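Below are the chains, spelled out letter by letter.
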Amino acid sequence: MVLTMLAVSLLVFAVLELNVDDVAVKVLGQFSTADQRQAWLRENGYTAPFLFRYLHWLWAFITGHWGTSTYYREDVLTLLAPRLAASGLLAGTALLVIVPVGLVMGVIAGVREGSVVDRLVSVFAIVTTSIPEFASAVFLTALFVFWLGWLPGVSTMADGFHLRELVLPVGVLTLYSAGYIARMTRSSMATVMQSPYIRTARLKGNSLMRVIVRHALRNALITPVTVIMLQIPWLLSGVIVVEVFFAYQGFGTLLYQAALNTDIYLIEACTMVSVVVVVLTQVASDLLYAWLNPRMSFKAAERPAGAK
Amino acid sequence: MSEPPPANTLRNNDGSELHPAVRPLAQNALHCGADRRSVLRVLSWLGVSLVSARAVLGVAARAVASNAPRQGGTLRFVCSVQQMTDPAATTWVEASNLFRNSVEFLTYVDPDNITHPYLAQSWHPSADLKTWDFQLRAGIRWSNGDPFTVADVAFNIKRWIAPESKSPNRTTFAAITAIEPLDELRFRLHLSRPICSLPEHLYAATCPILHRHFEAQGANWPRNPVGTGPFRLTDYHVSRIAVFKRRRDYWGQPAWLDEIRYLDLGSEIATHVAALAAGQVDLLYRLTISELDLVKRFPSMQLLSEPSAQTLVMRMQQDQKPYDDVRVRKAVVLSADREQMLRLAYRDHGVLGENHHVAPSQPDYFRLPPVRRDVAQARRLLAEAGYPNGIDLTLALGNTQGRYEQDTAQILQQNCAEAGIRLSLQVLPPAQYWTIWDKVPFGMTYWAHRPLGIMVLELAYRSGSVWNESHFSNQRFDAALDKALGILDPHERSAAMGDAERILQEEAVMVQPYFPRKFTAAAARVRGFRADPQDYYRMDKVWLA
């Protein structure tokens, strides 16, 4: 895990800072003179060898010295923290909606494979997941803001937190990913429902509801959990489109702005934060697997014979 | 209508002797058919009281809203919140509209281009227009309690014209040789050449009067937002929000609004309209042509519009290959179909440009023979210049005002292809374009409206001026500007401007396709706000119903 982070950090650093002249250009602007760049590089310790600079940078990063944004002229850490919290709020709210909606739809469809409900859920899921967020954001805005006038059009939260302002961004995110989870759950559920132990449970006279909740769901959840855990990093950094469209002041907007302004230290920090989030969710999903499927173990030697 | 009073009732704001040109100008307007508004404007430069000038010329002030303004409320304004560390060096009009709430100017130019007293209560020029006496308003205090005096003004003007100054004011006011304080509230400006429109130039976005200790206290205005204006800055985060609150101890009539919140909602204007439709904001900074139909469909929104001399300039740097060859520049200019650009990219909501950056709506505009497109001639010139098989060029642009910039550039691309010029477009994000706008060899730059044509020529094309993005340097042109700056009579002045315009066309400095009309939108409850052609917004008279 730490190794992954180190490898990625080295990659990030190499991509952005291997060529020191590039760094100077990014900080001082495209048309700064060669003298200015040289002077700046000397002053900021860019004459040292690459590996040394990398270690120095890594240490600064670990100790919370993330540099100053070249565009906002503010400390990167103070800039990043509230944005990360805002995106966390959006992502958390979205997950709270996406997961139940996706799971319920998937379970309903999977239990009665081939039924009308199943067909409806499948069609709905395929349609919503194939509409990109920028398109559904426009549709939902046209419908709920311009036509019906029910919801706010932007989500700046400029006057403090408003739940109403979260509705549209969360709606767009849900539309996009709930269908995906539903499809995963459905196919997984359908497989599980045909397995002998479910038949046995049914034959023992258990109600369908009880069989689903007590026996099928836990096994059927393994695939959707992977998908859900993959949604977390996506929700945090991949929702740039949604955040920018609704002017939501989150991590995605910040990363977008940083990229537009080639704000090098901010880009580095954002990338590193994304790496940490991805790695942490991977660990969390591994732990969840272990809980869902006790046969799965991290110690290879203890794996029971015959387990796939 | 009653007969206007005779010209001898004209008087100066400070009671001093009228400038010798004042009475003949008024006579011209009254009896020889000269345009009265243009004359009124010139009289306002010369320090003549507007009340007396309006009465004599019979030009009424624009009617003000009839119902009484209401005190209070928070106005939410969608506007980019940009860096404004040094107001004198700012390149963004948006930023200037933020600090305009807190720092003030010596003069005020209204949307009709009439110059009014502001921090300066009155002024009068000498007969040769080279010595100007200004009288400051008494009793003004800075928000930190210090009295406002000549020392503040002297600090600013000296700072503008200092050789190391990064402000465009350095060249605009290069003619100022000395500022001579007469007492606490009076000073005299000495000029090396006559500038009759000096008071009007003093309201440029980069001319706010900062506190005399601005540099001593860190030269960072948002960190230490001292001002004389009706609002004070209370919260400021670049790209996010800026909040101004009303000052109760303001020297003039206090503002109606309690608070103004500038919200940065990014560059997607459709999003701004959505926020307006949902009642989350009250006022947009601008609309582009793409959102026009959407806004028209909402009766709850006010669509505000004003003709403007704002424009797009596709200029070529004269010291960069291959643009150092006038034949190459001419080939590009001759290929361009400006009518097509106006029709397709801006749906005809504007006025055609003539490649010299002076708009027909500006009073000093001089009509030259129409510019014609000539692709065959463009091809010939290109061959003569050594490119018989065509040439590859790159135009940089940033869509800083909206997508119509790129649409315009694409039309140029197709126009150029007909003449064998293979033009590629380098489209940058807006913020990035503003870091290179004056450095790229061939770029499309948006220029805001200026009340006078000469102001923009002075800023953008005089040799060595700070914002001279085309690196144009021409002594004949500079001399033409000097000549025009000294002429008071609007008619004669415009004739002198003709020379400057002609030189810009002959030298093929730019393709300047059209002057787009300005649009913006507001919520129904916003009152007292008028779209300003120049985008200079004073918010102290705005109120909420």
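Note on numbering: residues in each chain are counted from 1, in written sequence order. The lettering of chains begins at A and the numbering of ligands begins at 1, in the order of writing. For a predicted model such as this one, the threshold for reporting local features is a pLDDT of at least 70, and the threshold for listing and counting side-chain atom pairs is 80 or more; totals across whole chains, interfaces and linings nevertheless cover every residue.

On to the overall build of chain A. Only DSSP runs of H or I with at least four residues qualify as helices, and only runs of E with at least two residues qualify as strands; both kinds are numbered from the N terminus onward. Across its full length, chain A carries 14 helices and 0 strands. The helix and strand sequence of chain A, counted from the amino end, reads α-α-α-α-α-α-α-α-α-α-α-α-α-α. Its C-alpha atoms give chain A principal-axis dimensions of roughly 85 × 60 × 30 Å. Think of it as a crowd count around each C-beta: if 20 or more other C-beta atoms lie within 10 Å the residue is buried, if 12 or fewer it is exposed, and in between it is partly exposed, with C-beta placed from the backbone throughout. Looking at chain A as a whole, 35% of its 308 residues qualify as buried.

Here the focus is the overall build of chain B. The secondary structure content of chain B amounts to 17 helices and 22 strands. Both definitions apply: the radius of gyration is a C-alpha atom measure, and the globule rule equals 2.2 Å times residues to the power 0.38. Its C-alpha radius of gyration of 23 Å places chain B within 12% of the 24 Å reference for a compact globule of 545 residues. Expressed as lengths along the three principal axes of its C-alpha atoms, the size of chain B is roughly 70 × 55 × 55 Å. Relative to its 545 residues, chain B shows a buried fraction of 51%.

What follows covers the interface of chain A and chain B. Distance between backbone-placed C-beta atoms decides contact: two residues are in contact if it is within 7 Å. With 20 residues of chain A in contact, the opposing surface of chain B contributes 21 residues. Looking at the side of chain A that touches chain B, the elements with two or more residues in it are helix H7 (133-147), helix H12 (240-245) and helix H13 (251-260) of chain A. When residue character is reported, Ala, Val, Leu, Ile, Met, Phe, Trp, Tyr, Cys and Pro are called nonpolar, Asp, Glu, Lys and Arg charged, and the others, Gly included, polar. For the side of chain A that touches chain B, the per-class residue count stands at 12 nonpolar, 8 polar and no charged.

Residues and elements named next belong to chain A. As for its position among the elements, Val 172 is in helix H8 (residues 163-193). According to the C-beta neighbour criterion, Val 172 is buried, with 27 such atoms within 10 Å. Along the chain, Val 172 and Ala 158 lie 14 residues apart, while their C-alpha atoms are 21 Å from each other. Aside from chain neighbours lying at most four places away, what touches Val 172 is Glu 133, Ser 136, Ala 137, Leu 140 and Val 242.

Right, let's get into the sheet that holds strand E6 (residues 176-181) of chain B. Residue and element names in this part refer to chain B. The pairing criterion for strands is at least two bridges between them, as found by DSSP. Pairing is antiparallel in the open sheet, where 4 strands are placed in the order E4-E5-E7-E6. Strands with a single pairing partner mark the edges of an open sheet, and in this sheet they are strand E4 (120-125) and E6. Neighbouring strand axes in the sheet, compared pairwise and without regard to direction, differ in orientation by 20 degrees on average. Taken together, the 5 bridges between E4 and strand E5 (residues 131-136) define a ladder with antiparallel strand orientation. Looking across to E5, one finds that Ser 122 is bridged to Gln 135. Orientation is described by lines fitted to C-alpha atoms, with helices fitted over the stretch in contact, and by angles between N-to-C directions that extend from 0 to 180 degrees.

All names here are of chain B. Counted along the chain from E4 to the antiparallel partner E5, the turn is 5 residues long, and its residue Leu 129 has a positive phi close to 60 degrees. Where E5 and strand E7 (residues 186-191) come together, 5 bridges link them in antiparallel fashion. Along E7, the bridge assignment pairs Gln 135 with Arg 186.

A few words on the domain arrangement of chain A. All names here are of chain A. Under the domain assignment, chain A is made up of domain 1 (2-62) and domain 2 (76-292). A separation of 36 Å is found between the C-alpha centroids of domain 1 and domain 2. In this complex, domain 1 contributes 10 residues to the contact, which on the side of domain 2 involves 9 residues. For the side of domain 1 that touches domain 2, the elements supplying multiple residues, two or more each, are helix H1 (2-17) and helix H2 (20-28). In this entry, domain limits derive from an automatic or database-based domain assignment.

Attention shifts here to the packing of helix H5 (residues 76-111) of chain A against H8 of chain A. Residues and elements named next belong to chain A. Closest axis-to-axis distance for the H5/H8 pair is 6 Å, and the angle between their directions is 35 degrees. As for the relative orientation of H5 and H8, their crossing is right-handed in sense. Class assignment of the residues belonging to the contact of H5 with H8 gives a composition of 22 nonpolar, 7 polar and 2 charged. Crossing handedness is defined as follows: a turn of the near helix away from the far one that is anticlockwise and smaller than a right angle gives a left-handed crossing, while the clockwise case is right-handed.

Another aspect to go through is helix H3 (residues 50-57) of chain B. Residue and element names in this part refer to chain B. All buried positions along H3 are accounted for by Ala 53, Val 56 and Leu 57. Viewed along the axis of H3, the buried residues span an arc of 85 degrees, placing them on a single side of the element. Buried residues in H3 make contact with helix H1 (22-31) and helix H2 (36-45). At the C-terminal side of H3, Gly 58 shows a positive phi close to 70 degrees. Read the arc as the range of directions from the helix axis to the C-beta atoms.

All names here are of chain A. Here chain A averages 81 in pLDDT, and 93% of its residues register 70 or above. Per-residue confidence from the predictor is reported as pLDDT, a score between 0 and 100. In the model of chain A, H2 stands out as the element of lowest mean pLDDT, 72, in contrast to helix H6 (residues 116-130), which has the highest, 89. Note on residues 300-308: pLDDT is under 50 here. Beyond four places in sequence and across chains, it has 4 contacts.

This part is about the packing of H5 of chain A against helix H14 (residues 264-292) of chain A. Residues and elements named next belong to chain A. Axis separation between H5 and H14 bottoms out at 11 Å; the angle between their running directions is 45 degrees. What the angle tells us is that H5 and H14 run oblique. H5 and H14 meet at a crossing whose hand is right-handed. Contacts between H5 and H14 pair Val 76, Leu 80 and Leu 84 from the former with Tyr 265, Leu 266, Ala 269 and Val 273 from the latter. Residues that form the contact of H5 with H14 fall into these classes: 7 nonpolar, no polar and no charged. Every angle not falling under 35 degrees, over 145, or within 65 to 115 is termed oblique; those three ranges are roughly parallel, roughly antiparallel and roughly perpendicular.

Here the focus is helix H9 (residues 196-203) of chain A. Sparse coverage of H9 of chain A is indicated by the burial of 0 of its 8 residues. Of the residues one or two after H9 of chain A, Gly 205 of chain A is the one with positive phi, at around 95 degrees.

On to the environment of Ala 120 of chain B. Residues and elements named next belong to chain B. Considering the arrangement of structural elements, one finds Ala 120 in strand E4. Exposure remark for Ala 120: the 26 C-beta atoms within 10 Å place this residue in the buried category. In the structure, Ala 120 is positioned 392 residues away from Gln 512 in sequence and 36 Å away in space, judged by C-alpha atoms. Those residues in contact with Ala 120 that lie beyond four places of it in its chain are Leu 106, Thr 107, Phe 134, Gln 135 and Leu 136.

What follows concerns the environment of Gln 505 of chain B. Residue and element names in this part refer to chain B. With respect to the helices and strands, Gln 505 occurs in helix H17 (residues 490-506). Under the C-beta neighbour-count criterion, Gln 505 is labelled partly exposed, with 18 such atoms within 10 Å. Each C-alpha atom, one on Gln 505 and one on Leu 368, is 9.8 Å from the other, the two residues being 137 residues apart in sequence. Setting aside its immediate chain neighbours within four residues, Gln 505 contacts Asn 355, His 356 and Leu 368.

To continue, consider unusual backbone geometry. All names here are of chain B. Geometrically, the link from Lys 321 to Pro 322 is a cis peptide bond, its omega value of -5 degrees lying close to zero. Looking at the secondary structure, you find Pro 322 in the loop between strand E13 (311-316) and helix H10 (326-335). Positive phi, normally seen in glycine, also occurs at Leu 129, with a value near 60 degrees. Take Leu 129: it is sitting in the loop between E4 and E5. When the 22 C-beta atoms within 10 Å are taken as the criterion, Leu 129 is described as buried. The phi dihedral of His 471 is positive, around 55 degrees, even though this residue is not glycine.

Further remarks concern the confidence of the model for chain B. With 98% of its residues at a pLDDT of 70 or more, chain B shows a mean pLDDT of 90. Reported for the predicted complex are a pTM of 0.81 and an ipTM of 0.73.

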